[in-house]
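An overview of the molecular structure
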Amino acid sequence: MTTTLTLRRPDDMHLHLRDGAMLEAVLPETARHFARAIIMPNLVPPVVTARDAVAYRDRIIAALPGGMTFEPLMTLYLTEATDPADVAAAQASGLVKAVKLYPAGATTNSQSGVRDFDKVRGVLEKMAEIGLPLCVHGEVTDAEVDIFDREAVFIDRVLDPIRRATPGLRVVMEHITTKDGVDYARSQGDNLGATITTHHLIINRNHILAGGIKPHYYCLPVAKRERHRLALREAATSGEARFFLGTDSAPHADHLKEHACGCAGCFTATNTMSILAHVFEEEAALGRLEAFTSLNGAAFYGLAPNAARITLTKGAPARYPAKIETGAGPVTVFDPGFPLQWQVED
């Protein structure tokens, strides 16, 4: 029985750090285990230009505690006014690793996102030309489309047409939640990748709704039926290069989660590696955990794997806080609903 597992230090290819007091509190939870992360740009106001990205990166570095090493991989928020030349300059400088597409109104702080996709065609063509990936929040926002169907509809109505119109564009389907997403990713070439979150490997929609509403399991895209969760687990543990970790760890203070109109997001930065080791062991795939967390995402973004390593051990129950105290209020750490025995050695 395996009780020790050493792998290259992982990367989180989809992370929310927020700003100010929240940033200062949650950044160490990621930097403790992860070497790099693709940083989401949906601040208020959003990170739209290269200048915005420089300023945000500098705030992240300033918030990093002494003795910790962490590299933020910056992104730009795509709007209908985004300048293709600014995007190209940001990539050429080495600062920006991707551009993020939020359909307007799809999730937290997405009001500045795209409504008319024809208006961003020039940006997408420039990105295809220079090889800069587009990270996609893949849901339509049409009121008539059921929330549980919005990912599948987005693939058909938006994503596939965009990719057909811009064939050289590299795309990451972020936080896929359905078998439809898994199947589409598998049907395409190697210029399409897909991130899978920690929490979507654990919860289905019953976990949110059955026996009373569980606000700390509410996220967008929302968790789907059990058959979709099982498809995600199979994909994540397959070792296939197109699938890699993007936690979508999203901190919200408890008073905003436990609210009449609660915020979407699960905060998993603290215990992701413990949870993933549990999942991969259940699927008899511990030997493929490193590919999912440390190799596949780096390869898609053209990065060398991290040289440093971490070691996980299995034994006594893993210890982690139930909440992270922040200057913006306490943030609840995602509870998988079962004991964790794998933990990262200090």
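Residues numbered from 1 in each chain as written. Predicted model: local features only at pLDDT ≥ 70, side-chain atom pairs only at ≥ 80, totals over all residues. Heavy atoms only, no water.

What follows deals with the pairing of strand β10 (residues 309–314). In terms of strand pairing, strand β1 (residues 4–8) meets β10 through five bridges, oriented antiparallel. Within β10, the position partnered with leucine 7 by the bridge is isoleucine 310. Bridge analysis of β10 against strand β13 (residues 342–344) gives three bridges, and the strand direction is antiparallel. If you follow lysine 314 over to β13, its bridge partner there is tryptophan 342. (Pairing = 2+ DSSP bridges. Helix = DSSP H or I, 4+ residues; strand = E, 2+ residues; numbered from the N terminus.)

Residues valine 44 and proline 45 are joined by a peptide bond in cis, for which omega reads -5 degrees. Inspection of the secondary structure assignment puts proline 45 in the loop between β3 (36–39) and α2 (50–63). Going from leucine 220 to proline 221, the amide bond is cis rather than trans, its omega being -5 degrees. Even without a glycine there, the phi angle at arginine 18 is positive, about 60 degrees. For histidine 175, which is not glycine, the phi torsion reads 40 degrees and is therefore positive. Along the chain, the position of histidine 175 falls in the loop between β7 (171–174) and α6 (179–187). Among the residues examined, histidine 175 registers a relative accessible area of 2% and is labelled buried. (Buried < 20%, exposed > 50% of the residue type's maximum accessible area, 1.4 Å probe, protein only.)

This brings us to the packing of aromatic side chains. In total, this model carries five aromatic pairs according to the counting rule given. Ring centres of tyrosine 77 and tyrosine 102 lie 5.2 Å apart, and the angle between their planes is 35 degrees; on these two criteria the pair is classed as tilted. With tyrosine 77 in strand β4 (residues 71–77) and tyrosine 102 in the loop between β5 (96–101) and α4 (121–130), the pair connects residues that are 25 residues apart, well separated along the chain. By relative accessible area, tyrosine 77 is classed as buried at 1%. Assessed through its relative accessible area of 1%, tyrosine 102 is described here as buried. (Phe/Tyr/Trp six-rings, centres within 6.5 Å; stacked < 30°, edge-to-face > 60°.)

Turning our eyes to something else, we now look at the side chain of glutamate 174. The residue glutamate 174 is located in strand β7 in this model. A relative accessible area of 2% means that glutamate 174 is categorised as buried. Sequence-distant contacts of glutamate 174, defined by excluding residues within four places in its chain, comprise Met13, His14, Met40, Lys100, Cys135, Val136 and Thr195. (Contact = heavy atoms within 4.5 Å.)

Our focus in this paragraph is the sheet that holds strand β2 (residues 11–15). Pairing in this open sheet of eight strands is parallel, and the strands run β2-β3-β4-β5-β6-β7-β8-β9 from one edge to the other. Edge strands, defined here as strands with exactly one partner in the open sheet, are β2 and β9 (243–245). Strand-to-strand twist of the sheet, defined as the mean angle between neighbouring strand axes without regard to direction, takes the value 25 degrees. Bridge count between β7 and strand β8 (residues 192–196): three bridges; the pairing is parallel. Bridging across to β8, valine 171 finds its partner in leucine 192. Set on the sheet, α2 makes contact with β3, β4 and β5; between it and β4 the angle comes to about 150 degrees. (Axes fitted to C-alpha atoms, helices over the stretch in contact; angles between N-to-C directions.)

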